[in-house]
Amino acid sequence: MNGPVLESDSAAALTVRNLRVGFGSAEPVVRGVSFVVAPGECLAIVGESGSGKSVTARSLLGLAGTNSRVSADRLELGGQNVLGLTDRAWQARRGKDVGLVLQDALVSLDPLRPIGREIADSLRLHTTLGAAGRARRVLELLDAVGLPQPELQVRKLSGQLSGGERQRALIAAAIALNPPLLIADEPTTALDVTVQAQILALLEQITGAGTAVLLISHDLAVVSRVAHRVAVMHDGQLVETGRTTQVLGSPQHEQTRRMVAAIPADKPRGTRLSPSARPDTPSTPDTPSFPDTPSFLSTSGTLSTPTNFGAEVSLESTVVLEAIGLSKSFRRPDGTSQLAVDDVSFTLHHGSTLGIVGESGSGKTTVARLLLALLAPEHGEVHVFGEPWSAASEKTRRGLRASVGAIYQDALGSFDPRWSVAEILTDALNLRHERGAPHTTTRLTSLLDEVGLAPTVLPRRPLELSGGQRQRVGIARALAGRPEILICDEPVSSLDVTVQAQVLDLLDDVQRERGLSLIFISHDLGVVQHISDQIAVMRDGRIVEIGPAERVFAAPQHPYSAQLLAAVPRAPV
């Protein structure tokens, strides 16, 4: 993909020379970063979680945060120096001169205001449009980013939208004023492949119209679709930069080669994606950090279910979870009813993985909440190990909830922001009364090792972690209770490709060693293809196709399944 060629830095939309960012008295986390973005060009910065990508992006808008130290030889927007601007000066520039799409849409949007008002704010502050003109523009923006029925969506609060719908609303707000530079920090992280394709086409249209785009992403396939150039970041520095086809097709640096090798698409089930699912840290154990045999798994190779959940049965072909005719509806803001899940049925067998894919808003997450008994179905029921689960009382389920674990899409929203990582995991391990004891610290460290995190994150709170680090803490919390069934709702959506590979390998290891059964919900078809035995395709609340993963990907039977597969971006490797 060829982009514009700069005659000089003075023609650049963004010029960064020797950027350094630190916090407090600690060593800088961004060290000597330099790059230029031309009008009409898309430059992608890729790298592992914690490599400094998002810190770099935020520093370019005066949003590095409290106690930050930002310095550079040059930091210019459209040829104008912005280094050292006051907060008031930045407020006048953000939105008008540079737009920003953040990774955490739920946190970025005001939970108490309809998204229509949120998007209209920049139009009210920076344009002369009247109320009617602003309303029309908001509808145009929502339609441009692929949000269905924009006239209904404008009245919704962010909490009433799915993860992908929230992200699209955030993108609409960022491009409302047609800024000459758009900084997009993981703009397609929460999007299904068909909507992702719309957003990527939109980014291509934006760059084609002359807007410069700085794209922060862990998805190399997305990067290959829209970026003219790629810069690979590692440990706060840029280690490789060049044309996208050159960097991804013939990587030179070891870090780039690792990232390319970790792409899961088209790699068969069971294929290792990383050198080791357990990171190279001194405290990494040779075996998983779950020392006890799960409560449902006996040492004799039979499935021993808890009290009131039946007798011992053979592990072979055992149905551990069954959804029977599940239906659930919600009331829209206008008072009408929306059927979110419509007559959904499937079975999950012991030690297998059922992948559920579909567009944002298709009902995937609602199904997950029904399976976890966080919502009650209006029709149908869920059985666990052959016994009623959704119809049981909460008192009956309470002692068994550790056996049905969950990894949530929005890691930040699922944590108490006041708790440290140590407190979150200590609570999950049910060791609250032994906090600080040596054996508790050992178990916490072992659990972190399993998901590729160092013990140094233990005292940190969720807001002090990167998006990928937060998601890994969420996975560690889910695995702490030694579940037999794990409901995974976008468990790797916030992870860079190398850490994603470690987590997918880790889930595969734990599944084999412990007989874990997975429901794996994801918008990333490459990930689902790699990890799933069976795949269910959802659309408008219904399952339109279900079958073996290999068959669904090789020869989809339903037109919608074929449409999903056709929209998947693929890296040139």
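Refer to the preceding data block for the structure.
For the structure given in this document, a descriptive report is provided here.

## Some words on the overall build of the protein chain
Helix and strand content of the protein chain: 21 helices and 23 strands. The 573 residues of the protein chain split such that 56% are buried. Residue pairs in contact within the protein chain that sit at least 24 positions apart in sequence constitute 69% of those at least 6 positions apart.

## A closer look at the nonpolar core
Grouped together as the largest cluster of nonpolar side chains are 105 residues, with contacts concentrated most on Leu215, Leu425, Leu486 and Phe520. Counting 30 residues, the second largest nonpolar core, distinct from the first, contains Leu354, Ile356, Ala368 and Met538.

## Some words on the packing of helix α15 (residues 421–428) against helix α16 (residues 438–450)
Here α15 crosses α16 at 100°, and the two axes come no closer than 10 Å. Considering their axes alone, α15 and α16 lie roughly perpendicular with respect to each other. Residues Val421, Ala422, Leu425 and Thr426 of α15 lie in contact with α16, whose contacting residues are Thr440, Leu444, Leu447 and Leu448. Of the residues belonging to the contact of α15 with α16, the class tally is six nonpolar, two polar and no charged.

## Some thoughts on the side chain of Glu165
Among the structural elements, Glu165 can be located in helix α7 (residues 163–174). It is Arg168 that comes nearest to the buried, bridge-free Glu165 among opposite-charge side chains, at 4.7 Å. If we skip the residues at most four places from it in the chain, Glu165 touches Leu147, Gln153, Ser360 and Gly361.

## Here's the deal with the sheet that holds strand β20 (residues 485–489)
Strand order across the open sheet formed by six strands is β19-β20-β21-β16-β22-β23, with mixed pairing between neighbours. Where the open sheet ends on each side, the last strands, each with one partner, are β19 (404–407) and β23 (542–548). When the angles between neighbouring strand axes are averaged without regard to direction, this sheet yields 15°. By the bridge criterion, six bridges tie strand β22 (residues 534–539) to β23 in an arrangement that is antiparallel. Paired with Met538 across the strands is Ile543, a residue of β23. Each of β16 (353–358), β20, β21 (517–521) and β22 touches helix α12 (residues 364–371); the most contacted strand, β16, lies at about 140° to it.

## Structural notes on empty space enclosed by the protein
Tallied over the full model, the rule gives four cavities of 30 Å³ or more. At the level of secondary structure, the elements contributing two or more residues to the lining of the largest cavity comprise α19 (525–531), β22, α20 (549–554) and α21 (559–566). In terms of residue count, α21 provides more of the lining of the largest cavity than any other element does, three residues in total. Class assignment for the residues of the lining of the largest cavity results in nine nonpolar, one polar and no charged.

## Details of the pairing of strand β11 (residues 237–243)
In terms of strand pairing, strand β10 (residues 229–234) meets β11 through six bridges, oriented antiparallel. Within the sheet, the bridge partner assigned to Val232 lies in β11 and is Glu240. In this antiparallel pair of consecutive strands, β10 and β11, the connection spans two residues, and Asp235 shows a positive phi of 55°.

## Points about the pattern of salt bridges
Under the defined criterion, the tally for this structure stands at 21 salt bridges. Across the pair Asp509 and Arg272 runs a salt bridge, and its minimum N-O distance is 2.7 Å. Highlighted residues: Asp509 in helix α18 (residues 497–514) and Arg272 in the loop between α11 (254–261) and β12 (302–303), separated in sequence by 237 residues. Arg551 is the salt-bridge partner of Glu545, the closest N and O atoms lying 2.4 Å from each other. The exposure class assigned to Arg551 is partly exposed, which follows from its relative accessible area of 29%. Through salt bridges with shared partners, a single network forms among Asp110, Arg113, Glu118, Asp121 and Arg124.

## Focus: the sheet that holds strand β17 (residues 379–384)
One open sheet accounts for four strands, arranged β15-β14-β17-β18; its pairing is antiparallel. The sheet terminates laterally at β15 (337–349) and β18 (387–388), the two strands that pair on one side only. Here strand β14 (residues 319–331) pairs with β15 via nine bridges, running antiparallel. Looking at β15, one finds that Ser329 is bridged to Leu339.

## Brief notes about the pairing of β16
Note on strand geometry: in a regular strand, side chains alternate between the two faces of the sheet. The buried count for β16 comes to six of six residues, which makes it a mostly enclosed element. Judged by which residues are buried, β16 turns out to be covered on both faces: Thr353, Gly355 and Val357 on one side and Leu354, Ile356 and Gly358 on the other are all buried. Alignment of β16 against β21, held across four bridges, turns out to be parallel. Bridge pairing in β21 links Leu354 to Ile519. Direction of pairing for β16 relative to β22: parallel, over a ladder of five bridges. Its bridge partner being in β22, Gly358 is matched across the sheet by Met538.

What counts, and where the lines are drawn
- Residues numbered from 1 in each chain as written.
- Predicted model: local features only at pLDDT ≥ 70, side-chain atom pairs only at ≥ 80, totals over all residues.
- Heavy atoms only, no water.
- Helix = DSSP H or I, 4+ residues; strand = E, 2+ residues; numbered from the N terminus.
- Buried < 20%, exposed > 50% of the residue type's maximum accessible area, 1.4 Å probe, protein only.
- Contact = heavy atoms within 4.5 Å.
- Core = buried A, V, L, I, M, F, W, Y, C linked by side-chain atoms within 4.5 Å.
- Axes fitted to C-alpha atoms, helices over the stretch in contact; angles between N-to-C directions.
- Parallel < 35°, antiparallel > 145°, perpendicular 65-115°, else oblique.
- Nonpolar A, V, L, I, M, F, W, Y, C, P; charged D, E, K, R; others polar.
- Lys, Arg positive; Asp, Glu negative; His and termini not counted.
- Salt bridge = Lys/Arg side-chain N within 4 Å of Asp/Glu carboxyl O.
- Pairing = 2+ DSSP bridges.
- 1 Å grid on protein atoms, 1.4 Å probe; cavity = no way out; pocket = protein on both sides within 12 Å on 5 of 7 lines; lining within 4 Å.
- Points joined across faces, edges and corners; volume = space filled by probe spheres on them.

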